[in-house]
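Here is how the chains run, residue by residue.
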Amino acid sequence: MAMARKFFVGGNWKCNGTTEDVKKIVATLNAGDVPSTDVVEVVVSPPYVFLPLVQSSLKPNFQVAAQNCWVKKGGAFTGEISAEMLVNLGIPWVIIGHSERRALLKESNEFVGDKVAYALAQGLKVIACVGETLEERESGSTMDVVAAQTKAIADRVTSWENIVLAYEPVWAIGTGKVATPAQAQEVHNELRKWFQANVSSEVASTIRIIYGGSVSGANCKELAAQPDLDGFLVGGASLKAEFIDIIKSAEVKKNA
Ligand code: 13P
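Keep in mind that this is a model prediction, so the values were computed, not measured.

Undergrad: Quick question: what am I supposed to make of the packing of helix H5 (residues 109–121) against helix H7 (residues 142–154) here?
TA: Between two packed helices, the angle of one axis relative to the other and the distance separating the axes together describe the packing. It is at 8 Å that the axes of H5 and H7 come closest, and there the two elements cross at 40 degrees. By the angle between their directions, the pair H5 and H7 is classed as oblique. For H5 against H7, the interelement crossing comes out right-handed. Residues Asn109, Glu110, Gly113 and Val116 of H5 form the contact with H7, whose own contacting residues are Ala148, Gln149, Ala152 and Ile153. Classifying every residue of the contact of H5 with H7 by side-chain character gives four nonpolar, three polar and one charged.

As C-alpha cells, then:
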C-alpha cells in the first residue's frame, strides 16, 4: 500500500480581520468538533501582526503559518519579515508564492523558488502555491504554467519533505467559480506525473497536493474524494464557521 498522505487543510485569512474578528475565529476553531491530528493537519494563516495572538490562543491541534517571508537573511529590507523571525517566534509554516503576490507584487517563479529554498533551509515548512490564469487555461497551457512554477522550486530544493504544494487556479480564487472535481483531479494527477518524471517516484507518491479556489462547505466533500487531492487551501470560507465542515471533509479519505 502506498504511504498515506495525511489530509491537510490550510486557512489563508489574507489581509483580513481586526483583533476582535481574530478572537472570534479562534473561538470557533477551538470549539469545533474536528477529526484528530491523525486524520487531518490544520494550519491557519493570519496576517503577521496577529500570528502571536493566534498561536497562543489556538488549541494545539491547530498550527499557524505566515503568509509570506523575505527571500534571504533579514537586514535593511524595510517592511519585510524574515524567515529567521518566524522561526524565532516558533511559527512552523509559511505560505510562499500565492497568486496574489505573484500577480500584484510581481513575484517571479525564480523569486518564489528562492524564497521556498531559503525558508526550508531555516527550518520552516512551506505551503508553495502554483496555478494558471483563465487566459492560460483557455489557451491550453495550464500544465506548462504549473510545471514551470513547480520546476523553479525543484531546481532550488533538495527535499520536498517539508513542502505542501497548493494548486490554486487563479480564475477560481475569490470568484465563487470552483474548479470541478475532475478539473482539479486532472491537474493534481498531471503534477504527480511531473514529479515522477522530473524529481522522483517517491516524491510523486508522497507529496501532498492541495486544492485552493472557492472551496466551501458545500463543495469540499466531492473535491476531497478525488484520489490525487490531499486537502485544501481555503480563503474566504476560512474566516467562517464553515471552515469546520471543510476540515471534516478529511473523513472522506478514511473510506477511500
Ligand atoms: P478563496 O477560497 O477565497 O477563493 O481563496 C483561495 C485562496 O487564495 C487561498 O489561498
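Still more ground to cover, so stick around.
Undergrad: How should the packing of aromatic side chains be read in this particular structure?
TA: The way to describe two aromatic rings as a pair is by their centre distance and the angle between their planes. With the rule as written, the count across this model stands at seven aromatic pairs. Taking 4.8 Å as the distance between ring centres and 80 degrees as the angle between the ring planes, the aromatic pair formed by tryptophan 160 and phenylalanine 195 counts as edge-to-face. In this pair, tryptophan 160 sits in the loop between H7 and strand E6 (163–167) while phenylalanine 195 sits in helix H8 (residues 181–198), placing the two residues 35 residues apart along the sequence. Summarising the burial analysis for this pair, tryptophan 160 and phenylalanine 195 share the class buried. Relative to phenylalanine 195, the ring of tryptophan 194 lies with its centre 5.4 Å away and its plane at 85 degrees, an arrangement referred to as edge-to-face. Aromatic ring contacts, followed pair by pair, group Trp70, Phe77 and Phe111 into a single cluster.

Cut-offs applied
- Residues numbered from 1 in each chain as written.
- Predicted model: local features only at pLDDT ≥ 70, side-chain atom pairs only at ≥ 80, totals over all residues.
- Heavy atoms only, no water.
- Axes fitted to C-alpha atoms, helices over the stretch in contact; angles between N-to-C directions.
- Helix = DSSP H or I, 4+ residues; strand = E, 2+ residues; numbered from the N terminus.
- Parallel < 35°, antiparallel > 145°, perpendicular 65-115°, else oblique.
- Left-handed = near helix turned anticlockwise from the far one by under 90°.
- Contact = heavy atoms within 4.5 Å.
- Nonpolar A, V, L, I, M, F, W, Y, C, P; charged D, E, K, R; others polar.
- Phe/Tyr/Trp six-rings, centres within 6.5 Å; stacked < 30°, edge-to-face > 60°.
- Buried < 20%, exposed > 50% of the residue type's maximum accessible area, 1.4 Å probe, protein only.

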